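So you can see what is in the structure, the chains are spelled out below.
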Amino acid sequence: MVEAGHGGLTLLIPEDELRAGVATLAREIDRDYATTGVVIVCVLKGAAVFTADLLRILRAEVHRLEFVRASSYGSGTQSSGDVRVTGTLDTRYMAGQHVLIVDDIADTGHTGMAVKDYIRSLGPASLRYCTLLDKPERREVEVQYDYVGFTIPNHFVVGYGMDFDERYRGLPAIYYFPDP
């Protein structure tokens, strides 16, 4: 379905399905962290909206909310495979803690691997990875994603915090650019 007013974007996941998917993820995360609590590390910028919605639903105790920025896209629609992880996580807040990475999309796996390696080096008691979207057909590096909201086809997606050259982040649903 092509949505008028959104530059010819095609709707992939409507807002109500997103809400239901986030609620399902929250229940799974609550189950796993009910007795330990969790430190959440949000991968900026794309996962900011997802993380905010997830936090409002979670019942497990969130000890801290931290942020890292990871990027392999620049202003294009293809991952370069060269991931930059920026932001400094304090070892005292990660060491010995149960840490959950929250990301917007699992694509090639390069970002997931880079972020996991960085946080693993800080000595958490456990480390799990939550991604809203998964595009397994694009995977180049095998990464374990513990919580996956939606498996999607190989489209470049925008909305719900995800962008194309900083545009479309505020859309309430997930869209993709139709094939030419």
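Model, not experiment: these values are computed from the prediction.

1. Some points on the pattern of salt bridges
Oppositely charged side chains are able to pair whenever their charged atoms sit close together. Taken as a whole, this structure holds 13 salt bridges when the rule is applied. Two residues, Asp 53 and Arg 56, come together in a salt bridge whose shortest N-O distance is 2.4 Å. Placement of the pair is Asp 53 and Arg 56 together in helix 2 (residues 48-57), with a separation of three residues, close to one helical turn. Here Asp 53 falls in the partly exposed class, since its relative accessible area comes to 21%. With relative accessibility at 58%, the residue Arg 56 sits in the exposed group. Its salt-bridge partner being Asp 107, residue Arg 138 comes within 2.9 Å of it at the nearest N-O pair. Of the two residues, Arg 138 sits in the loop between strand 6 (126-134) and strand 7 (147-151) while Asp 107 sits in the loop between strand 5 (98-106) and helix 4 (110-120), which places them 31 residues apart along the sequence. Here Arg 138 matches Asp 107 in class, with each residue buried.

2. Section: the sheet that holds strand 1 (residues 10-13)
Within the open sheet, the three strands sit side by side as 1-9-8. Their pairing is antiparallel. Both edges of this open sheet fall to strand 1 and strand 8 (157-158), since each of them pairs with a single strand only. Summarising the sheet, strand 8 and strand 9 (residues 174-176) pair through two bridges and their orientation is antiparallel. For Val 157, the partnering residue across the bridge sits in strand 9 and is Tyr 176.

3. Points about the sheet that holds strand 6
The strands making up a sheet associate through backbone hydrogen bonding, with each pair oriented either parallel or antiparallel. The six strands lie next to each other as 4-3-2-5-6-7, forming an open sheet whose pairing is mixed. Looking at strand neighbours, the two that pair on one side only are strand 4 (84-86) and strand 7, the edges of this open sheet. In this sheet, adjacent strand axes meet at a mean angle of 25° when their direction is disregarded. Of the strand pairs in this sheet, strand 2 (residues 38-44) and strand 5 are connected by four bridges, and their pairing is parallel. Looking at strand 5, one finds that Ile 40 is bridged to Leu 100. Contacts from helix 1 (residues 15-33) reach strand 2, strand 5, strand 6 and strand 7 within the one sheet, and its direction differs from that of strand 7 by about 160°. Contacting strand 2, strand 3 (62-71), strand 5 and strand 6, helix 2 crosses the sheet at an angle of about 155° to strand 2.

4. Considering the packing of helix 1 against helix 2
Where helix 1 contacts helix 2, the axes come no closer than 9 Å and their chain directions differ by 60°. As judged from the angle between their axes, helix 1 and helix 2 are oblique. Of the two elements, helix 1 crosses helix 2, and the hand of that crossing is right-handed. Facing Val 22, Ala 23, Leu 25, Ala 26, Ile 29 and Asp 30 of helix 1, the residues of helix 2 in contact are Phe 50, Asp 53, Leu 54 and Ile 57. Class assignment for the residues of the contact of helix 1 with helix 2 results in eight nonpolar, no polar and two charged.

5. Focus on the nonpolar core
Core analysis: the largest hydrophobic core is formed by 27 residues, its most contacted members being Phe 50, Leu 54, Leu 132 and Leu 133. Counting only elements with at least two residues in this core, the list comes to helix 1, strand 2, helix 2, strand 5, strand 6, strand 7 and strand 9. Here this core gets six residues from one element, more than from any other, and that element is helix 1. When neighbours within four sequence positions are excluded, Leu 132 is seen to be in contact with Leu 18, Val 22, Phe 50, Asp 103, Asp 104, Val 148, Gly 149, Phe 150, Tyr 160 and Met 162. Core analysis: the second largest hydrophobic core is formed by 19 residues, Val 43, Val 68, Val 99 and Leu 127 among them.

Criteria and thresholds
Residues numbered from 1 in each chain as written. Predicted model: local features only at pLDDT ≥ 70, side-chain atom pairs only at ≥ 80, totals over all residues. Heavy atoms only, no water. Salt bridge = Lys/Arg side-chain N within 4 Å of Asp/Glu carboxyl O. Helix = DSSP H or I, 4+ residues; strand = E, 2+ residues; numbered from the N terminus. Buried < 20%, exposed > 50% of the residue type's maximum accessible area, 1.4 Å probe, protein only. Pairing = 2+ DSSP bridges. Axes fitted to C-alpha atoms, helices over the stretch in contact; angles between N-to-C directions. Contact = heavy atoms within 4.5 Å. Parallel < 35°, antiparallel > 145°, perpendicular 65-115°, else oblique. Left-handed = near helix turned anticlockwise from the far one by under 90°. Nonpolar A, V, L, I, M, F, W, Y, C, P; charged D, E, K, R; others polar. Core = buried A, V, L, I, M, F, W, Y, C linked by side-chain atoms within 4.5 Å.

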